[in-house]
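# Topology and contacts: notes
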Amino acid sequence: MAVISQGGGSYCINAEIVRCIYGSKDGYISPSSATWNSVKKAQNLCLGITKAGSKHRSGVIVAASPPTEDVAVAAEPLTKEDLIGYLASGCKPKDKWRIGTEHEKFGFEIATLRPMRYEQIAELLNGVAERFDWDKIMEGDNIIGLKQGMQSISLEPGGQFELSGAPLETLHQTCAEVNSHLYQVKAVAEEMGIGFLGIGFQPKWGIKDIPIMPKGRYEIMRNYMPKVGSLGLDMMFRTCTVQVNLDFSSEADMIRKFRAGLALQPIATALFANSPFTEGKPNGYLSMRSHIWTDTDNNRAGMLPFVFDDSFGFEQYVDYALDVPMYFVYRKKKYMDCSGMSFRDFMEGKLPALPGELPSLNDWENHLTTIFPEVRLKRYLEMRGADGGPWRRLCALPAFWVGLLYDEVSLQNVLDMTADWTKEERQMLRNKVPKTGLKTPFRDGMLKHVAEEVVKLAKDGLERRGFKEVGFLNEVAEVVRTGVTPAEKLLELYYGKWGQSVDPVFEELLY
């Protein structure tokens, strides 16, 4: 067990202890209103305790709590140490590191290419639940997701269908999970005349054509987004991503991976760029999805330059997150609109929406899910820079980051390579890559040349892992070899074989 230091040093605690208190079956812990002090007090009680898994039952309805379970009001005030401790509870030894992949896709009517309506989505979710033994997640009378073991299916604001995968040990398991999910969804969807599209931005339909999902948090976000940026509604309703969630062993390991992830995120954006169309025409970008994040809400998105400060650690991320305006508080299975309010005020019992009430660690966990930088810290790190794409790329994205960040030699090489990149250079790449991809000028050459080196480091890292996972990088190896991004291939088809119509993309990128 790592030592807990509250004096600004290393914050880590044995995850088994936290798991015992919080009752989680995996490394991604769902907290209760327990405080960091109670974590410390319970250490001796928890040592050696194991929790028996519960048997899965078909057709169970899970209480509607899309973020985390409803909890009793906190009995004592949260301290900043509690918030730091929550992040630090993610530390785990290397043999416990896992790979969690999340991917979104657009459902559409095959006959009309129109987006799925909520009624169709509900039918699809019910069908998958009944045929493949998933539990239903409800919000009021509406089915809004499914859960099976450590996997879940959820809906993004415009009905984008998301699989949040289980934490798995190898990329073979990750790709098998993707294939199983796509098989199950297709088995039900094809009977309904529904297809799924793997692309980063809705290529044909305007916002007015996109259905709105009946989820309380999205209504709050929909009303707030236009106040803080011009493209937030596009982000909500018309984008799809694939991301990977990765573990760290200590605060120092988190910092190294966070910096490497941020520095190289524009390279991932370029390699997976796959959103060149808007409302039936080229939009001038290779990754419109990535561009949209530059004017969604800059209080909660971006490249986080402070991560590269010498003082950075869990505490500094907490300070940043405390200053990000809130969206909501979840109480009695309902979302309360707290948009623009301060979590710091909440900690003092001064939240205007809930005067006198104090937050629990659930509220902190929910707040962290409303922050959207290019790399996000929770009890693990999320790599958030890639467009959604066809299934081979859903396996390639985690392969890219696992090879770089889970191998010590490759990670150190990345840190050495990017050590002298300036804040301005990192931001320049963030701004320009969505438009120019691998052809973005960088120093004395193009980003393609850096990407070639980075993909080689990822390949070397996967080889050293010893699980025969290198083949999952074939998709990105081809992109760096040719310098042609997926989006540029789509544009070539649009101006050639497709006769300047985007309709064929629904077949080209059909799962």
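Residues numbered from 1 in each chain as written. Predicted model: local features only at pLDDT ≥ 70, side-chain atom pairs only at ≥ 80, totals over all residues. Heavy atoms only, no water.

A few words now on the pattern of salt bridges. A side chain with one charge may pair with a side chain of the opposite charge, provided their charged atoms come close. For the structure on display, the rule yields 34 salt bridges. One connected set of salt bridges, linked through shared partners, spans Arg376, Lys378, Glu382 and Arg384. (Salt bridge = Lys/Arg side-chain N within 4 Å of Asp/Glu carboxyl O.)

The next point concerns the packing of aromatic side chains. According to the stated counting rule, one finds 21 aromatic pairs in the structure shown. Measuring from ring centre to ring centre gives 6.1 Å for Phe132 and Tyr183, while their planes differ by 70°; the resulting arrangement is edge-to-face. Taken together, the positions of Phe132 in helix α5 (residues 118–132) and Tyr183 in helix α6 (residues 171–189) put the pair 51 residues apart, joining distant regions of the chain. Note on Phe132: relative accessible area 18%, which makes it buried. Residue classification places Tyr183 among the exposed positions, given a relative accessible area of 55%. Here Phe277 and Tyr494 contribute two aromatic rings whose centre-to-centre distance is 5.4 Å and whose plane-to-plane angle is 40°, an arrangement assigned as tilted. Of this pair, Phe277 sits in strand β9 (residues 277–278) while Tyr494 sits in helix α19 (residues 486–495), and the two are 217 residues apart along the sequence. Among the aromatic side chains, those forming a connected cluster through ring pairs are Phe258, Phe306, Phe312, Tyr317 and Tyr320. Over the face of the ring belonging to Trp293 we find Arg384, whose NZ or CZ atom lies 5.6 Å from the ring centre. Cation over ring: Arg426 sits above Phe308, and NZ or CZ is 3.4 Å from the ring centre. (Phe/Tyr/Trp six-rings, centres within 6.5 Å; stacked < 30°, edge-to-face > 60°. Helix = DSSP H or I, 4+ residues; strand = E, 2+ residues; numbered from the N terminus. Buried < 20%, exposed > 50% of the residue type's maximum accessible area, 1.4 Å probe, protein only. Lys NZ or Arg CZ within 6 Å of the ring centre and 35° of its normal.)

Turning our eyes to something else, we now look at the nonpolar core. Counting residues in hydrophobic clusters, the biggest one holds 114 residues, and the most contacted among them are Phe258, Leu271, Tyr317, Trp364, Phe400, Trp401 and Leu404. Counting residues per element, this core draws most heavily on helix α9 (residues 251–271), which supplies eleven residues. Among residues more than four places away in sequence, those in contact with Trp401 are Val244, Leu246, Ala260, Gly261, Leu264, Gln265, Ala268, Met383 and Tyr406. Membership of the second largest hydrophobic core comes to 41 residues, among which are Ile210, Tyr224, Ala273 and Leu491. (Core = buried A, V, L, I, M, F, W, Y, C linked by side-chain atoms within 4.5 Å. Contact = heavy atoms within 4.5 Å.)

A turn of α-helix holds 3.6 residues, and therefore any two residues three or four places apart point the same way. Taking burial as the measure, the nine residues of helix α4 (residues 80–88) include seven buried ones, the bulk of the element. Within the span of α4, buried status applies to Asp82, Leu83, Ile84, Gly85, Tyr86, Leu87 and Ala88.

Below, the discussion takes up the side chain of Thr239. As for its placement among the helices and strands, Thr239 is situated in the loop between α8 (232–238) and β8 (241–246). Of note is the side chain of Thr239, whose polar atom sits 2.6 Å from the backbone oxygen of Met235. If sequence neighbours within four positions are ignored, Thr239 has contacts with Glu104, Phe106, Gln160, Gly200, Phe201, Asp234, Arg289 and Ile292. (Polar contact = N/O pair within 3.5 Å; in protein donor to acceptor, adjacent residues only side chain to side chain.)

For any two helices packed against each other, the geometry comes down to the angle between their axes and how far apart the axes lie. Where α9 meets helix α15 (residues 408–418), the axes come as close as 10 Å, and the angle between the chain directions of the two elements is 60°. Relative to α15, α9 is oriented oblique. Judged by the twist between their axes, the crossing of α9 over α15 is left-handed. From α9, Asp253, Arg256, Lys257, Arg259, Ala260, Ala263 and Leu264 reach across to α15, where they touch Glu408, Leu411, Gln412, Val414, Leu415 and Thr418. Classifying every residue of the contact of α9 with α15 by side-chain character gives six nonpolar, two polar and five charged. (Axes fitted to C-alpha atoms, helices over the stretch in contact; angles between N-to-C directions. Parallel < 35°, antiparallel > 145°, perpendicular 65-115°, else oblique. Left-handed = near helix turned anticlockwise from the far one by under 90°. Nonpolar A, V, L, I, M, F, W, Y, C, P; charged D, E, K, R; others polar.)

Summed over all chains, the structure comprises one disulfide. Each sulfur in the disulfide pair Cys175 and Cys395 lies 1.9 Å from the other. Between Cys175 and Cys395 the sulfur-sulfur dihedral comes to about 80°; the bridge is accordingly right-handed. Pair noted here: Cys175 is in helix α6 and Cys395 is in helix α14 (residues 391–405), with a separation of 220 residues, a long-range link. What makes Cys175 buried here is its relative accessible area of 6%. Overall, the relative accessible area of 2% leaves Cys395 in the buried class. (Disulfide = S-S within 2.5 Å.)

Take the packing of α6 against α14 next. Their axes nearest at 10 Å, the elements α6 and α14 cross at an angle of 155°. Classified by the angle between their axes, α6 and α14 sit roughly antiparallel to one another. By crossing handedness, the relation of α6 to α14 is classed as right-handed. Note on element contacts: α14 touches α6 through Trp391, Leu394, Cys395, Pro398, Ala399 and Val402, opposite Leu171, Thr174, Cys175, Val178, Asn179 and Leu182. Split into classes, the residues belonging to the contact of α6 with α14 amount to ten nonpolar, two polar and no charged.

Counted residue by residue, strand β3 (residues 135–139) has five buried out of five residues, so it is predominantly covered. Side chains Asp135, Ile137 and Glu139 of β3 all project onto a buried face; the interleaved residues Lys136 and Met138 project onto the opposite face, where all are buried too. Direction of pairing for β3 relative to strand β4 (residues 142–148): antiparallel, over a ladder of five bridges. Across the sheet, Asp135 pairs through a bridge with Lys147, a residue of β4. (Pairing = 2+ DSSP bridges.)

Backbone geometry at Leu113 places phi at a positive 65°, although glycine is not the residue there. Positioned with a positive phi, Glu279 is a non-glycine residue whose angle comes to about 50°. With respect to the secondary-structure elements, Glu279 resides in the loop between β9 and β10 (281–282). A relative accessible area of 44% means that Glu279 is categorised as partly exposed.

One can find Thr241 in strand β8. A distance of 2.6 Å separates the side chain of Thr241 from the backbone oxygen of Ala386, its partner in a polar contact. Setting aside chain neighbours within four positions, we find Thr241 in contact with Glu102, His103, Glu104, Arg289, Arg384, Ala386, Asp387 and Gly388.

Inspection of the secondary structure assignment puts Asp297 in the loop between α10 (288–292) and β11 (301–302). Take Asp297: its relative accessible area is 1%, and that puts it in the buried class. For the pair Asp297 and Gly229, spaced 68 residues apart in sequence, the C-alpha separation works out to 5.3 Å. Excluding its chain neighbours within four sequence positions, the residues that come into contact with Asp297 are Tyr224, Val228 and Tyr327.

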